[in-house]
Amino acid sequence: MPRLTPISWNNLVKSLRELGFEGPFAGGRHPQMRRGDITVIIPNPHEGDISVGLLSRLLRQAGVSREEWLGG
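Residues numbered from 1 in each chain as written. Predicted model: local features only at pLDDT ≥ 70, side-chain atom pairs only at ≥ 80, totals over all residues. Heavy atoms only, no water.

Asker: Would you mind showing me how to read the pairing of strand β1 (residues 22–25) here?
Answerer: Within a regular strand, the side chains alternate between the two sheet faces. Direction of pairing for β1 relative to strand β2 (residues 32–35): antiparallel, over a ladder of two bridges. Bridging from a neighbouring strand, Phe25 pairs with Gln32 of β2. Hairpin connection, β1 to β2: the antiparallel pair is bridged by six residues, and Gly28 has positive phi, about 70 degrees. (Pairing = 2+ DSSP bridges. Helix = DSSP H or I, 4+ residues; strand = E, 2+ residues; numbered from the N terminus.)

Written out as structure tokens, the structure is:
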């Protein structure tokens, strides 16, 4: 099974949109993306990539499987 890799903020947003999420919307201290009744709080844009650990937690919160994320 392919491994998750660090991802840029823009690519994270693009990939979540391809999976049916809308946004990002302003929401408190961090932007949010929504799909149906699922709301995922994403990190603020910054210079570095989003780590594999954080990406893993975001995917779990979004209810997206690793296979779905990697296009399998």
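Asker: Even after reading the chapter, I still don't get the pairing of β2, so can you show me in this structure?
Answerer: Of the pairings in the sheet, the one linking β2 to strand β3 (residues 38–41) comprises four bridges and is antiparallel in character. Counterpart to Met33 in the pairing with β3 is Val40. Taking the residues that link successive antiparallel strands as the turn, the β2-β3 hairpin has two residues, and the phi of Gly36 there is positive, at about 60 degrees.

Asker: Can you help me understand the sheet that holds β2 in this one?
Answerer: Neighbouring strands of a sheet are bound in pairs by backbone hydrogen bonds; such pairs are parallel or else antiparallel. The strand order β1-β2-β3 describes an open sheet built from three strands, whose pairing is antiparallel. The open sheet has two edge strands, β1 and β3, and neither has a second partner. Taking the axes of each pair of neighbouring strands and ignoring which way they run, one obtains an average angle of 20 degrees across the sheet. Here helix α1 (residues 9–18) sits on the sheet in contact with β1 and β2, set at roughly 145 degrees to β1. Contacts from helix α2 (residues 52–62) reach β2 and β3, with the element oriented near 165 degrees to β3. (Axes fitted to C-alpha atoms, helices over the stretch in contact; angles between N-to-C directions. Contact = heavy atoms within 4.5 Å.)

Asker: How do you make sense of α1 when you look at a structure like this?
Answerer: Think of an α-helix as turning once every 3.6 residues; residues three or four places apart then point the same way. Buried within α1 we find Trp9, Leu12, Val13 and Leu16. Viewed end-on, α1 has its buried residues packed into an arc of 95 degrees, placing them on one side of the element. Seen from the open side of α1, the exposed residues pointing more than 90 degrees away from its buried face are Asn10 and Glu18. Those residues of α1 hidden inside the fold are in contact with β1, β2, α2 and α3 (66–69). Immediately downstream of α1, the backbone of Gly20 shows phi near 100 degrees, a positive value. (Buried < 20%, exposed > 50% of the residue type's maximum accessible area, 1.4 Å probe, protein only. Arc of directions from axis to C-beta.)

Asker: Help me understand the environment of Gly20, please; the structure alone is not making it clear to me.
Answerer: On the secondary structure map, Gly20 appears in the loop between α1 and β1. Put simply, Gly20 and Ser65 are 45 residues apart on the chain and 14 Å apart in space, counted from C-alpha to C-alpha. In this structure, Gly20 is in contact with Arg34 and Arg35, ignoring residues within four places of it in sequence.

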